[in-house]
Amino acid sequence: GCPKDDFQEELVIRPLHSGDIYASFQFRTLWETDFMRGNKVSHYRLFPKSLGQVISKFSVRELHISFTQGYWRTMQWGQPFLPSPPGAELWVWFQDSVTDVDGTWKELTNVLSGIFCASLNFIDSTNTVQPSASFKPLGIGNVTDHRFLRYATLPREIVCTENLTPWKKLLPCGSKAGLAVLLKSEKLFHSSFHSQAVHIRPVCQDWQCKTTSWELRQTLNVVFDLHTPGQGKLEWSLFKMFSRTLTEACPLASSSKIYIDITDDPQGEQFEVSPATHLLSQAMVLGDRRTFSVYDLTQQITFGTVRSLNLLIRWKSRDMLRPLLHAERYVAGYGLQTGEIHTLMYNNHPYRSFPVLLLDSVPWYLRLYIHTLTVTSKGKDNKPSYIHYQPSKDRVRPHLLEMLVQLPPNSVTEVTVQFERALLKWTEYTPDPNHGFYVGSSVISSLVPSIVAMDTNSTREQPLFSSFFPCKEESSYFMRVYTEPLLVNLPTPDFSMPYNVICLTCTVVAVGYGSLYNLLTRSFQIEEPSPGLAKRIANIIRKMRGVPPL
Amino acid sequence: MGLLSDPNRRRALISLLTRLNAPICVVCYMAGVAWFMGLAFEPFTLRTYMSENAMGSTMVEERFPAGERALGTGREFSAHKKKAGGMPVDWLVKTMQSRGLEVFTQRFSRRLPFPDEDKERYMVKGTNVYGILRAPRAPRTEALVLSAPCSPGDDNNQAVGVLLGLAQYFRNQVFWAKDIIFLVNEHDLIGMQAWLEGYHHTNTTGMDWSPLQGRGGSIQAALSLELSSDVVTSLDLVLEGLNGQLPNLDLANLFYAFCQKIGVLCTTQGKLQRNDWDSVSGYSHAVQTMMLMVMKQASGRPWGDHGLFLRYHIEAATIKGINSFRQYKTDATTIGRLLEGMYRKLNNLLERLHQSYFFYLMPSLSHFVSIGYYMPAFGLLALILLLRALDLWIQLATPPPRTEDGVADAEQMSSPGVLSVLTPLVISHLTGVALYTLPIHFQEIAVEHFPVSETEAVVLTAIAVYTAGLALPHNTHRLLTGRGTENGWKVLKLVAVLYLAVLLGCTALINFSLGFILALTLVPVAAFVTPDVPKALSAFIMVILSPACTLLFSVFLFQELQEMPVSFLDGWMLYLSVISQGILDHALYGSLVYPLVALLVYPCWLLFWNILFWK
């Protein structure tokens, strides 16, 4: 019979303490099918065909791609449900049947580049790495040989409408119905942060995990800036944010819900949500127990008599808990010869230390001096328990540095490494060389101790956003933090006057150097005109007589 | 070069150069000075123009409305400053936070090597407060800085007010593509130095500062605002930074363009530009403006808080509000609009400012002289040194004319030993090292034994070492070889002339003004001095043309150009304070003028002094 497929959509809204508002969309398509083992899958219903073909053609086991415009401000906004670095990020696990991984990766990036209208074709060997520990498969499967993993970021990639449209087209309802009607680009790109992602992975069909399904998650995170100075209560509504209201769920969706995070307001003093709902839900999100008001769009009653849902919230912004883990990075030093990359990792937990995996991928034109690598916490040397370093090859591959560092409680750990700026060939400079060159974000992956002990609720009832990263240990949760990308200036020639330079150089070499060399190496003597025959004979005679010649 | 390959013609050329050496040198000197003076003549200069396309064609509209409110904030700031007796850190943090910025503070402390009597400080402790306006959807890779100093007394309160007003206004705009950092720095340059070192995590001068918590990536440009009155008559643009570094000319062009657009009187070196370039007074006005710039650049000190940014390749300038007795006044709203316009254009930048000139002089804000035009003036002076060196070389290379009896002067033929040249070189450089190190190290001893303050002790020690250098027994070669040989001083002079040429050449490449001023006084010394000239008169001229006296004359000239002439006694006091400031600039910010003069220029001058007393 026809393989079963299922589509769910969900929107989580969290008022942030800084006064901004965070909206996170998730769309999940599950399909019980098998792209592998020579199966020709040709009948697509909910799952987008373009991605299905990519999976089968390139033997992809897992694919994660994100496009982000802006930097997630961990200190102001807390943790995002799904972190992503500024620019584009792509990481793919291939099936172990793939023989030429690099070739397949190259092709895959070009195909994805077309699908998402992005410059993913700029991914090549100079910005691709194979992390040994930081990016483990998130779906089922037992292959962890990192030969089948490829990871690349394009920190300079600018995300805009042309990336959003193809992303929306992957949805079963497109942007015609359901939550996706809210995704209007003129509002989404009038925000402080915008991130969209696609995650494909194989997951278990049931708890016994006898058969597998393919899961496609499309996520979109956006933070709206609601700064209005001198105002106590902040107000927000669906219409104000998206300039749309909701009238129906996507008819193809088995579930369509809106969650509003009301955790910070147990007594209802801070918050005012209208229309009110009695549906409440609790979930563990990033180590914290959160309470949500739930609106089920599949129920007609949600839309009320006006047949339109325009959620409205008023709340007060307050100070917030410092996030347990956050990181920042910068370039130290001045001048165009050397520099130093500083990565700071903050553990704000009052009494627990935890290990983090730091992944740094640095382009070859910053030549890292790995002997200058230092890791210090609280003024003391902090020896990493694992270091994986792959030096760069000029014009071929980047530096890869991965290490496992234990962060002491309540501390800042500083990782520094010095580098030298390479002189590029003149054709290798970008068209805007004085803008600088980008170094992608470093990635910090960690199991962070949970604030609340893990809940033992049945996992089926959990909202989607809480169940992405598999979490084995109950007392801690997985977290990934991206630092800001770096913009580094390289020594740049003055491209505006190549003609002058060529002329001057040629003149100096030809006239100046040539003649000077000539003058310095030759000795000049006045040469007498050669004497006549008579004089020569006379000289021979004089020589025989022992008299000095004429 | 065929000219030189032909021995006959070469001989002719050489004899021409040796016979006419002195006249050619005089002509070169005159031509160099004339060329330099001609630079201020308007028809010889270029009009400024915007080179950066990203700032040129895109017009922006300035709408900053809240000048009055900004001044109110400034008054509030002033009240809190008085109450706190310094930087009102808490108030600033709260105010910036309420304007929607991410606010951070940085503490710093610095013990000066000796008390700064001009600014009355010794142990400096302070706090910088800065707020970052995060650009929406920007990945924290680029930033712009707007700073205002928290000055003692009633100065610059309005600047802080305008800064906070702009922060509030900017926060509600959506077009920012770069983070904007609003910085209020305490203790002017010391605070700025601490902040910049913290931002770039360098430590060049041994200052203590707490690490910065928030950053905005690589800083593309910075402006520092100084404003001490509610209304101003004109805005002055200060460009000269540490070690004579200048920001890209496009930054000055940007300022000028907006002053023109908004209708604000703008000046550079405090001088308005005039239109009557063809009159004598118009020309002398341009010369004054240019000379002021040359003097300021030559001093190597940062002339505003922007001066320290330049080391980090951040284009920066200071904008000073000037309130004089003129009818036409500009209010804070207009200044705010001007800054808004400048920041919006800087925000449009796709690359760092690099299109326009980094080396230039400005005889007025609308005209500039680029490096290609002013370098010949220095080149003509440096040519004298090369001609003299050539002359000496030829004298040393050609054997002296044989005497009638055919016996060559054996002693003259023998080349002087290495020691006779090396000894004066080493001694004069040791004197230079003493001049560089002793003043700061001996201040405590000096204070114990003499009734002077530490600062006076440092300056007087410096002058004492300098004078003692003149009295040192330089003619050590006599101890080595019996008596000074004729060739001995020629070799020494050849070495000294070439040394001076290299030294001045390198200096002029980095800091043209310093190189040119030093060349003006040292080149004549180098050219004329021999052991055979009249001792007393020459010695007097040499002392007059020595680096220390150059500085003294520069102080008087500078005051004259600023139209604030001083009496000799005041000038002398000013001179002493300039010396102490120079040493402080070196210790605090890493200015290189003092070590350059003490370790290289002064020893080089001593070599010529040595030649004078060779016999």
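Per chain, residue numbering runs from 1 following the sequence as it is written. Chain labels run from A onward and ligand labels from 1 onward, assigned in the order the entries are written. Only residues with pLDDT of at least 70 get local features here, since the model is predicted, and only at 80 or more are side-chain atom pairs given and counted; chain-wide, interface and lining totals rely on the full set of residues. Note that the side-chain values use all heavy atoms of the structure and ignore hydrogens as well as water.

Visitor: What am I meant to see in the interface of chain A and chain B here?
Guide: The figure often quoted for interface size is the accessible area lost as the parts come together. We call two residues contacting when some pair of their heavy atoms lies within 4.5 Å. Facing the 37 residues of chain A at the interface are 39 residues of chain B. The salt bridge definition used is simple: a Lys or Arg side-chain nitrogen within 4 Å of an Asp or Glu carboxyl oxygen. Inspection of the chain A/chain B interface yields two salt bridges. Here R215 of chain B and E328 of chain A are joined by a salt bridge, their closest N and O atoms 3.8 Å apart. Polar contacts, as counted here, are pairs of nitrogen or oxygen atoms within 3.5 Å of one another; within protein the pair requires one atom able to donate a hydrogen and one able to accept it, and residues that are adjacent in sequence qualify only if both atoms are side-chain atoms. At the surface where chain A touches chain B, the tally comes to twelve residue pairs in polar contact (both at pLDDT 80 or more). Segments assigned H or I by DSSP are reported as helices when at least four residues long, segments assigned E as strands when at least two residues long, and all are numbered from the N terminus. For the side of chain A that touches chain B, the secondary-structure elements that each account for two or more residues are β7 (193-204), β15 (325-332), β16 (338-347) and α7 (498-521) of chain A. Element by element, the count of residues in the side of chain A that touches chain B is highest for β15 of chain A, at three residues. Broken down by class, the residue content of the side of chain A that touches chain B amounts to 17 nonpolar, 14 polar and six charged. Just so you know the grouping, Ala, Val, Leu, Ile, Met, Phe, Trp, Tyr, Cys and Pro go in nonpolar, Asp, Glu, Lys and Arg go in charged, and all remaining residues, Gly too, go in polar.

Visitor: Hey, could you run me through the sheet that holds strand β2 (residues 102-116) of chain B in this one?
Guide: Adjacent strands of a sheet pair through backbone hydrogen bonds, lying either parallel or antiparallel. Residues and elements named next belong to chain B. In short, DSSP must find at least two bridges between two strands for them to pair. Strand order across the open sheet formed by nine strands is β6-β2-β3-β5-β4-β7-β10-β8-β9, with mixed pairing between neighbours. The open sheet terminates on both sides in strands that have one partner only, identified here as β6 (208-209) and β9 (266-268). In the sheet, β2 pairs with strand β3 (residues 121-133) via eleven bridges, with the strands oriented antiparallel. When the sheet's bridge partners are listed, S109 is paired in β3 with K125. Along the sheet, helix α6 (residues 89-98) makes contact with β2, β3 and β5 (179-186), crossing β3 at roughly 10°. Axis lines are fitted through C-alpha atoms, for helices just across the contact stretch, and the angle between N-to-C directions can take any value from 0 to 180 degrees.

Visitor: How should the pairing of strand β24 (residues 443-449) of chain A be read in this particular structure?
Guide: Looking along a regular strand, one sees the side chains alternate between the two faces of the sheet. Residue and element names in this part refer to chain A. For β24, the buried fraction is high: six of the seven residues fall into the buried class. Inspection of the sheet shows strand β17 (residues 354-362) paired to β24 by four bridges, in the antiparallel sense. The partner of V356 across the bridge, within β24, is S446. Sheet analysis places β24 next to strand β25 (residues 476-482), joined by seven bridges and oriented antiparallel. Along β25, the bridge assignment pairs V443 with Y482. A simple rule labels every residue: compare its accessible area, found with a 1.4 Å probe on the protein chains alone, to the largest value its type can have, and call it buried under 20%, exposed over 50%, or partly exposed in between.

Visitor: Explain the packing of helix α3 (residues 21-38) of chain B against helix α19 (residues 512-528) of chain B here, please?
Guide: All names here are of chain B. Direction vectors running N to C along α3 and α19 enclose 150°, while the axes themselves pass 12 Å from each other. When the axis of α3 is compared with that of α19, the two are roughly antiparallel. Like other packed secondary-structure pairs, α3 and α19 cross with a definite hand, here left-handed. Here Y29, G32, V33 and F36 of α3 come into contact with α19, specifically with F512, F516, L520 and P524. For the contact of α3 with α19, the residue count by class is seven nonpolar, one polar and no charged. Note on terminology: angles under 35 degrees are roughly parallel, angles over 145 are roughly antiparallel, angles of 65 to 115 are roughly perpendicular, and the others are oblique. The sense of a crossing depends on the near helix, which, turned anticlockwise from the far helix by less than a right angle, makes the crossing left-handed and, turned clockwise, makes it right-handed.

Visitor: Teacher, can you tell me more about the packing of aromatic side chains here?
Guide: The description of an aromatic ring pair rests on the distance of the ring centres and on the angle between the ring planes. All names here are of chain B. The pairing test for Phe, Tyr and Trp rings, Trp by its six-membered ring, is centres within 6.5 Å, and the orientation test on the planes gives stacked under 30 degrees, edge-to-face over 60, and tilted for anything in between. Tallying each qualifying case throughout the model produces 47 aromatic pairs over all chains. Ring centres 5.8 Å apart and planes at 10° place the aromatic pair F556 and F568 in the stacked group. Here F556 is found in helix α21 (residues 547-561), whereas its partner F568 is found in helix α22 (residues 568-589), with twelve residues between them in sequence. Overall, the relative accessible area of 58% leaves F568 in the exposed class.

Visitor: For this particular structure, what's the right way to read a negative patch on the surface?
Guide: All names here are of chain B. Residues enter patches when they are more than 30% accessible in relative terms and free of salt bridges; like-charged ones are connected within 9 Å and nonpolar ones (Val, Leu, Ile, Met, Phe, Trp, Tyr) within 5 Å. The Shrake-Rupley method, run with a 1.4 Å probe sphere, supplies the accessible areas, and residue values consider only the shown protein chains as cover. We count Lys and Arg on the positive side and Asp and Glu on the negative side, and we leave His and both chain ends out. One atom stands in for each charge, and that atom is NZ of Lys, CZ of Arg, CG of Asp or CD of Glu. On the surface, a cluster of negative charge is made up of E117, D118, E120, E444, E448, E454 and E456. Where the negative patch is concerned, the elements lending two or more residues are α15 (443-449) and α16 (454-471). Mapped onto the elements of the fold, E117 is located in the loop between β2 and β3. The exposure class assigned to E117 is partly exposed, which follows from its relative accessible area of 42%.

Visitor: In this structure, what is going on with the pairing of β15 of chain A? I would like to understand it.
Guide: Residue and element names in this part refer to chain A. Counting buried residues along β15, seven of its eight residues qualify, which places the element largely inside the surrounding structure. Note: β15 against β16, eight bridges, orientation antiparallel. Paired with E328 across the bridge in β16 is L344. Counting the residues in the hairpin turn of β15 and β16 gives five residues, including G333, whose phi is positive at 100°.

Visitor: Hey, could you run me through the sheet that holds strand β12 (residues 280-285) of chain A in this one?
Guide: All names here are of chain A. With respect to topology, eleven strands assemble into an open sheet ordered β5-β6-β4-β3-β7-β8-β2-β1-β10-β13-β12, the strand pairing being mixed. The open sheet has two free edges, formed respectively by β5 (128-129) and β12, since each of these has just one partner strand. Bridging between strand β1 (residues 5-15) and strand β2 (residues 21-31) involves eleven bridges; their strand directions are antiparallel. The residue bridging F7 from the neighbouring strand is T29, located in β2. Packing against the sheet, helix α1 (residues 49-57) makes contact with β3 (60-69), β7 and β8 (212-224), and its axis sits at approximately 55° to β7.

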